[in-house]
Amino acid sequence: MMGKAVAQQRVSELVEQVRRLRERVHDLETLLDGNDRQHAAEVRRLKERLDEQDTQQLRRETELTAQRHMAIELLARIEREM
């Protein structure tokens, strides 16, 4: 009889331990999900920043190309006038 009570007590302890472990797993999954969302948001922000930098770089390159063409035209006109 005493062995049965000890066994039941041990089963109760194990059931409680499993319950706490399940809660901990749930908490960790929730935390991981939050981290995944945060990471995804950070990746989106970085992509947007890179896209903006690419756009700015293209604008600068376009402007420099236009200035180069204007300079070539100006030099050609100066040479013709000389």
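Look above for the structure.
Everything numeric here is computed off the predicted structure, so don't read it as measured data. (Residues numbered from 1 in each chain as written. Predicted model: local features only at pLDDT ≥ 70, side-chain atom pairs only at ≥ 80, totals over all residues. Heavy atoms only, no water.)

Caption draft 1: Geometry of the overall build of the protein chain. Scanning the protein chain for helices and strands turns up 1 helix and 0 strands. The C-alpha atoms of the protein chain give a radius of gyration of 35 Å, which is well past the 12 Å a tight globule of 82 residues would have. Across its three principal directions, the C-alpha atoms of the protein chain cover 120 × 10 × 5 Å. Here the protein chain, with 82 residues, has 1% of them falling under the buried criterion. Taken as a whole, the protein chain presents about 8,000 Å² of accessible surface, with 57% of it coming from carbon and sulfur. On the protein chain, the mean spot of the 16 positive side-chain charges and the mean spot of the 17 negative ones are 7 Å from each other. (Helix = DSSP H or I, 4+ residues; strand = E, 2+ residues; numbered from the N terminus. Rg over C-alpha atoms; globule rule 2.2 N^0.38 Å. Buried < 20%, exposed > 50% of the residue type's maximum accessible area, 1.4 Å probe, protein only. Areas by Shrake-Rupley, 256 points an atom, 1.4 Å probe, with all protein chains shown as cover. Lys, Arg positive; Asp, Glu negative; His and termini not counted. Charge placed at Lys NZ, Arg CZ, Asp CG, Glu CD.)

Caption draft 2: Structural view of a negative patch on the surface. Residues Glu48, Asp51, Glu52 and Asp54 make up a contiguous surface patch of negative charge. As for its placement among the helices and strands, glutamate 52 is situated in helix α1 (residues 2–81). (Patch = residues over 30% accessible without salt bridge, like charges linked within 9 Å, V, L, I, M, F, W, Y side chains within 5 Å. Salt bridge = Lys/Arg side-chain N within 4 Å of Asp/Glu carboxyl O.)

Caption draft 3: Seen up close, the pattern of salt bridges. All told, the structure shown has 6 salt bridges when counted by the stated rule. In the salt-bridge network here, residues are joined through shared partners; they are Glu16, Arg19, Arg20 and Glu23.

Caption draft 4: Summary view of the environment of serine 12. Relative to the helices and strands, serine 12 is located in helix α1. Taking C-alpha positions, serine 12 is 83 Å from arginine 68, a pair spaced 56 residues apart along the chain.

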